[in-house]
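# Results of the structural survey
One letter stands for each residue in the lines below.
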Amino acid sequence: MKTKFNCSLVSFLMLVLMTASFASSNAQEQSKKQLKEEAKLEKQKQTAVLVDSKEFVFSPISVSPQGGRVINLTDVSYFIEFHPDFIKSYLPFFGRGYGGMGYGGGGIGMDFEGKPTVYTIKKTKKAYLLKAEVRGEHDSYFIMLSIYFEGSAYLSISSNNRSSISYHGNIKAIEKK
């Protein structure tokens with residue numbers, strides 16, 4: 001005895017299987033999107049807490065000298081530490097120096113520390129904007145740090161004796177010693 005399959009029944013079963021597999025993959029995709037969004041919100045909260053404390057460390061990933069190409073950094077020891085009453089910088093410098101800085105007028109890098117004469121943080125639509133001015137031992141430094149809500153940051157430093165330089169990196173909490 002021969003059994004005949006109804007074409008419409010087979011089509012119906014295929015449709016049901018395809019719908020079920022699509023629904024399960026869509027549910028997994030939705031949960032991935034939700035997890036990603038939750039992680040993004042958590043990172044934004046952590047960034048806001050750091051910025052509100054006004055004390056954090058900027059760690060550069062790359063450097064952009066004025067008129068030069070981007071240089072990726074492999075040394076993780078570079079930093080600039082921000083406090084409302086003290087800023088300490090240990091950053092590399094690639095650029096042009098003016099005014100005899102190579103003859104004892106300062107270090108090779110953007111190495112300075114001091115009490116800022118200006119230290120303001122303002123929230124804009126896309127980022128927090130920190131402006132600071134520090135008088136070092138041999139130079140004055142004008143610092144502008146854009147901190148994006150997910151924690152990445154863009155730092156620009158100008159000084160009297162050197163060409164401007166920019167750094168791209170992240171902010172993090174200051175490690176307790």
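Please refer to the structure higher up on the page.
Report follows, based on the coordinates. (Residues numbered from 1 in each chain as written. Predicted model: local features only at pLDDT ≥ 70, side-chain atom pairs only at ≥ 80, totals over all residues. Heavy atoms only, no water.)

### Notes on the pairing of strand S6 (residues 116-123)
Quick note on the threshold: Strands were regarded as paired on the criterion that DSSP finds at least two bridges between them. Runs of E in the DSSP output that reach at least two residues are strands. Runs of H or I that reach at least four are helices, and both are numbered from the N terminus.
The pairing of S6 with strand S7 (residues 127-135) spans seven bridges and is classified as antiparallel. Residue pairing in the sheet places Val118 in a bridge with Glu133 of S7. Connecting S6 to the antiparallel partner S7 that follows it, the hairpin turn spans three residues.

### Considerations on the pairing of strand S3 (residues 79-83)
Across three bridges, the pairing between strand S1 (residues 56-65) and S3 is antiparallel. For Phe58, the partnering residue across the bridge sits in S3 and is Ile80. As paired elements, S3 and strand S4 (residues 86-91) share five bridges and run antiparallel to each other. Of the residues in S4, the one forming a bridge with His83 is Phe86. Between S3 and the antiparallel strand that follows it, S4, lie two residues.

### Some points on the packing of aromatic side chains
To describe a pair of aromatic rings, one takes the distance between the centres and the angle between the planes. Test applied: Paired rings are identified among Phe, Tyr and Trp, the last through its six-membered ring, by centres lying within 6.5 Å, and are further divided according to the angle between planes into stacked (under 30 degrees), edge-to-face (over 60) and tilted (the rest). To sort residues, take the accessible area from a 1.4 Å probe on protein chains only and compare it with the maximum for the residue type: under 20% means buried, over 50% means exposed, and anything in between is partly exposed. Think of it as a cone above the ring: NZ of Lys or CZ of Arg counts as a charge over the ring if it is within 6 Å of the ring centre and within 35 degrees of the ring normal.
On inspection of all chains with the given rule, the structure shows five aromatic pairs. When the centroid spacing of 6.2 Å and the interplanar angle of 40° are considered together, the rings of Phe79 and Tyr90 count as tilted. One end of the pair, Phe79, is in strand S3; the other, Tyr90, is in strand S4, and 11 residues separate them in sequence. Residue Tyr90 is classed as partly exposed on the basis of its relative accessible area of 36%. Taking 5.3 Å as the distance between ring centres and 90° as the angle between the ring planes, the aromatic pair formed by Tyr128 and Phe149 counts as edge-to-face. Residue Tyr128 is located in strand S7, and its partner Phe149 is located in the loop between strand S8 (140-148) and strand S9 (152-159); the two are separated by 21 residues in the primary sequence. Assigned by exposure class, Tyr128 and Phe149 land together as buried. Put simply, the rings of Tyr78, Phe79 and Tyr90 pair up and form one aromatic cluster. Arg162 extends its terminal NZ or CZ atom over the ring of Phe93, reaching a point 4.9 Å from the ring centre.

### Things to note about the side chain of Ser163
Structurally, Ser163 is set in the loop between S9 and strand S10 (165-172). For Ser163, a relative accessible area of 6% gives the class buried.

### Remarks on the environment of Gly169
Mapping Gly169 onto the fold places it in strand S10. Judged by relative accessible area, which is 0%, Gly169 ranks as buried.

### A short note on the side chain of Ser59
Structurally, the position occupied by Ser59 is in strand S1. Owing to a relative accessible area of 16%, Ser59 belongs among the buried residues under this scheme.

### A look at the layout of surface pockets
Inclusion rule: Detection works on a 1 Å grid of protein atoms alone, calling trapped sets that fit a 1.4 Å probe cavities and calling open sets with protein on both sides within 12 Å along at least five of seven lines pockets, with lining residues defined by an atom within 4 Å of a point. Grid points are joined across faces, edges and corners, and a volume is the space filled by probe spheres set on the points. All amino acids are sorted into three groups, where Ala, Val, Leu, Ile, Met, Phe, Trp, Tyr, Cys and Pro are nonpolar, Asp, Glu, Lys and Arg are charged, and the leftover types, Gly among them, are polar.
Its volume calculated, the largest pocket comes out at about 300 Å³. Taken together, 15 residues line the largest pocket, and the ones lying closest to its centre are Val57, Phe79, Glu81, Glu175 and Lys177. Listed by contribution, the elements that provide at least two residues to the lining of the largest pocket are S1, S3 and S4. By residue class, the composition of the lining of the largest pocket is seven nonpolar, two polar and six charged.

### Some words on the environment of His168
As a reminder, the rule being used: Contacts were defined at the residue level, with two residues in contact if any of their heavy atoms lie within 4.5 Å. Counted as a polar contact is a pair of N or O atoms within 3.5 Å, where, for protein atoms, one must be capable of donating a hydrogen and the other of accepting one, and residues adjacent in sequence contribute only when both atoms are in side chains.
Relative to the helices and strands, His168 resides in strand S10. When its relative accessible area of 35% is taken as the criterion, His168 is described as partly exposed. Separated by 105 residues in sequence, His168 and Val63 place their C-alpha atoms 6.5 Å apart. Other than its neighbours up to four places away in sequence, His168 contacts Phe58, Pro60, Ile61, Ser62, Ser152 and Ala153. In this structure the side chain of His168 is engaged in a polar contact, spanning 3.4 Å, whose partner is the backbone oxygen of Ala153.

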